[in-house]
Amino acid sequence: SQQGEEDPQALSIQEGENATMNCSYKTSINNLQWYRQNSGRGLVHLILIRSNEREKHSGRLRVTLDTSKKSSSLLITASRAADTASYFCATDAHGQNFVFGPGTRLSVLP
Amino acid sequence: DAGVIQSPRHEVTEMGQEVTLRCKLISGHNSLFWYRQTMMRGLELLIYFNNNVPIDDSGMPEDRFSAKMPNASFSTLKIQPSEPRDSAVYFCASTPTGENYGYTFGSGTRLTVV
């Protein structure tokens with residue numbers, strides 16, 4: 001069964017708006033990561049957040065982690081057309097290898 | 001560093017033929033992962049190596065698939081014989097040893113078996 005699942009499956013917003021994607025997982029983790037994948041390309045690592053961290057920032061990206069709810073969110077502020085991509089969370093259940101969710105397809109309309 | 005390099009970028013082959021996918025790791029990275037991505041099943045881990053040693057190959061779909069890491073910087077994934085259901089994008093990714101690093105992915109090989 002999938003360790004992590006993103007929600008929503010697809011999201012469409014206007015340029016300049018904020019985009020929020022969520023990830024829920026089932027078992028305890030050591031780390032959670034977010035990746036971006038542009039069409040026809042490989043995945044690009046965005047942020048890693050440890051289980052003892054609650055929030056991390058990187059530029060326009062903000063990631064939160066709530067281990068009590070087994071969930072994480074990725075917020076992209078002031079979105080741009082170039083942010084159009086699929087976004088994946090990856091979790092290391094019990095500190096094992098990272099397992100990727102099915103992803104959220106984000107479309108940012110100009 | 002040029003990043004993780006995969007070849008070929010695209011491969012079209014006939015059913016029953018042998019296919020070999022190649023991956024060059026980033027210098028200094030000790031762990032290597034092979035993934036397969038399809039619309040139906042998403043991103044699946046096939047096998048991973050640590051310091052050239054295969055650690056977990058439970059994701060390899062069947063005996064037609066084999067992977068090797070002959071040295072610290074290079075890996076191959078072989079499918080013999082290939083079948084149409086093997087059509088997918090195959091990614092390799094590498095990372096330094098340790099749990100606090102993200103994976104660096106290659107650009108993938110799009111395999112089509114006809």
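Residues numbered from 1 in each chain as written. Chains lettered and ligands numbered in written order. Predicted model: local features only at pLDDT ≥ 70, side-chain atom pairs only at ≥ 80, totals over all residues. Heavy atoms only, no water.

Engineer: Help me understand the overall build of chain B, please; the structure alone is not making it clear to me.
Structural biologist: A tally of regular secondary structure across chain B gives zero helices and 11 strands. From first element to last, N terminus to C terminus, chain B shows the α and β order β-β-β-β-β-β-β-β-β-β-β. Here the C-alpha atoms of chain B give a radius of gyration of 13 Å, agreeing with the 13 Å that 2.2 N^0.38 yields for 114 residues. Across its three principal directions, the C-alpha atoms of chain B cover 40 × 30 × 25 Å. Among the 114 residues that make up chain B, the fraction classed as buried is 46%. Within the structure as shown, chain B displays about 5,600 Å² of accessible surface, and the carbon and sulfur contribution to it stands at 49%. (Helix = DSSP H or I, 4+ residues; strand = E, 2+ residues; numbered from the N terminus. Rg over C-alpha atoms; globule rule 2.2 N^0.38 Å. Buried < 20%, exposed > 50% of the residue type's maximum accessible area, 1.4 Å probe, protein only. Areas by Shrake-Rupley, 256 points an atom, 1.4 Å probe, with all protein chains shown as cover.)

Engineer: Mind showing me how you'd approach the pairing of strand S9 (residues 88-95) of chain B here?
Structural biologist: When a strand is regular, its side chains alternate between the sheet's two faces. Residues and elements named next belong to chain B. Within S9, eight of the eight residues are buried, leaving the element largely enclosed by the surrounding structure. The alternating pattern of S9 places Ala88, Tyr90, Cys92 and Ser94 and Val89, Phe91, Ala93 and Thr95 on opposite faces, both of which are buried. Bridge count for strand S4 (residues 31-38) against S9 is seven bridges, and the pairing is antiparallel. For Trp34, the partnering residue across the bridge sits in S9 and is Cys92. With three bridges joining them, S9 and strand S11 (residues 109-113) adopt antiparallel strand pairing. (Pairing = 2+ DSSP bridges.)

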